[in-house]
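Report on the structure
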Amino acid sequence: MTVRPAWLLPLGQTREDTRLAPIGTWSPEDEIRTRDGVIPGGNPFAATSAGAMSLQIGVGRSAVQGTTAQGAYPVAVDAPETVTFTDGNAQFDRIDSVIVRVYDGLFDESEQPLARIEIVEGEPVATPTAPDLPPCSLRLWDVTVPAGASAGVGGIDWGSALTDRRRYTTAAGGIIPTGAGADLPGAYDGQYRDADGVLERWNAEDATWETYRAPDRAPDTISGGLVVASGWSLDSFNARRRGGVVQIIGYFVRTGATLPANPNLGDTLIATLPTGWRPVIMLEALCSNGYGFGAAAIGLDGKITVRSWASGENTAGIEKDTTVRVSATFVQ
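Residues numbered from 1 in each chain as written. Predicted model: local features only at pLDDT ≥ 70, side-chain atom pairs only at ≥ 80, totals over all residues. Heavy atoms only, no water.

The backbone of tryptophan 7 shows a phi angle near 55°, a positive value even though the residue is not glycine. Mapping tryptophan 7 onto the fold places it in the loop between strand E1 (3–5) and helix H1 (15–20). Residue tryptophan 7 is classed as exposed on the basis of its relative accessible area of 60%. Phi angles above zero are rare outside glycine, and alanine 207 is one such case at about 50°. (Helix = DSSP H or I, 4+ residues; strand = E, 2+ residues; numbered from the N terminus. Buried < 20%, exposed > 50% of the residue type's maximum accessible area, 1.4 Å probe, protein only.)

So this is what it looks like as structure tokens:
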């Protein structure tokens, strides 16, 4: 037996069934229902070609929710299962779905307790859509079956026919992978998911996934720690960092000889930022004395250098005793 359900068989549930089936992986969907889905880990229920019209579904574990009265069924597939698609329609494409399905004779007309990997065949139409699913089933893959497809004419192009429809579930409080569920709602307020490396939180009131942001905390601040270059003195300096964004502003007094404004200043070192407060790429900062203005560079080594200066009224470059303000905002 390769498809093993737990808490379904009236008699004969084996110890292996109980060990393999994902008992305890329950994430609430409401007061009593369970969010069904695939249990993450590796590549569960992977789909690979098994022939022109056949598809192999790999091993995996899942929870399949029936009606509210039924509850959820833990199901494990412990060996690959192969399913075969019927030939394509003569005129139109269709979309079939590969599913995990649970039969329970206490709640349906199957008269048997059984779990299977099955195909639900879609309607061949000009614009095909995935079929509705039978009760107590979980969609894994959609397969586009082209018009006229058969083993005799090459079958299904598995490289383009497959659409991943696996949605994932975890135990309550677990972070779910997005999988094919980018547009699927969350199960409860405060549920988290990993959306391609971005942590998102389900906002039940607004029915939307929101990028998670850590609570605001007091920013890191410093007011010193610079190494001031020869020819300058420090009037004041302040820096703050919040959420990886650094803002700096410093007032430096020219104590050395006048720096001519033309043709340019070259790279005149003013000061060096302390370790931990430096950018990860070189950037430009603004500098001004109220009349003259220019640009400074801040390197990965934290060195602040004035690179250009334009003279303004009563200004002939950066004169002695001139206070130059340098400000910048950057992401670390």
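Let us look at the packing of aromatic side chains. Two aromatic rings are characterised by how far apart their centres lie and by the angle between their planes. If you walk through the whole model with that rule in mind, you get 3 aromatic pairs. Look at tyrosine 192 and tyrosine 212: their rings are 5.6 Å apart centre to centre, the planes differ by 80°, and that puts the pair in the edge-to-face class. Highlighted residues: tyrosine 192 in strand E13 (residues 192–195) and tyrosine 212 in the loop between strand E15 (208–211) and strand E16 (220–222), separated in sequence by 20 residues. Residue tyrosine 192 is classed as partly exposed on the basis of its relative accessible area, which comes to 24%. Of the residues examined, tyrosine 212 reaches a relative accessible area of 35% and is grouped as partly exposed. The ring of tryptophan 277 carries arginine 241 above its face, with NZ or CZ at 4.0 Å from the centroid. (Phe/Tyr/Trp six-rings, centres within 6.5 Å; stacked < 30°, edge-to-face > 60°. Lys NZ or Arg CZ within 6 Å of the ring centre and 35° of its normal.)

Structurally, the position occupied by threonine 34 is in the loop between H1 and strand E2 (37–38). Residue classification places threonine 34 among the buried residues on the basis of a relative accessible area of 11%.

Let us now look at the sheet that holds strand E22 (residues 293–298). Taken in spatial order, the 9 strands of this open sheet run E16-E18-E19-E24-E21-E22-E23-E20-E17, and their pairing is antiparallel. With one partner strand each, in any of the chains shown, E16 and strand E17 (227–228) form the two edges of the open sheet. Of the pairings in the sheet, the one linking strand E20 (residues 268–272) to strand E23 (residues 303–310) comprises 4 bridges and is antiparallel in character. Across the sheet, the residue bridging to leucine 269 is threonine 305, located in E23. (Pairing = 2+ DSSP bridges.)

Taken together, the 4 strands give an open sheet; going across it, the order is E9-E8-E10-E11, and neighbouring strands pair in antiparallel fashion. Bordering the open sheet on either side are strand E9 (114–120) and strand E11 (162–164), each of which pairs with just one other strand. Neighbour to neighbour, the strand axes of the sheet diverge by 20° on average, direction disregarded. (Axes fitted to C-alpha atoms, helices over the stretch in contact; angles between N-to-C directions.)

Bringing the nonpolar core into the picture now. In this structure, Leu55, Ile57, Phe85, Val98, Ile117 and Val143 are the most contacted members of the largest nonpolar core, which totals 30 residues. Only strand E4 (54–57), strand E6 (72–77), strand E8 (94–103), E9, strand E10 (137–145) and helix H2 (158–161) provide two or more residues apiece to this core. With 5 residues, E10 is the largest single contributor of residues to this core. Look past the residues within four positions of valine 98 in its chain and what remains in contact with it is Leu55, Ile57, Val83, Phe85, Ile117, Glu118, Ile119, Leu138, Arg139, Leu140, Trp141 and Val143. Among the nonpolar cores identified, the runner-up in size contains 26 residues, and Leu226, Phe237, Ile270 and Val324 belong to it. (Core = buried A, V, L, I, M, F, W, Y, C linked by side-chain atoms within 4.5 Å. Contact = heavy atoms within 4.5 Å.)

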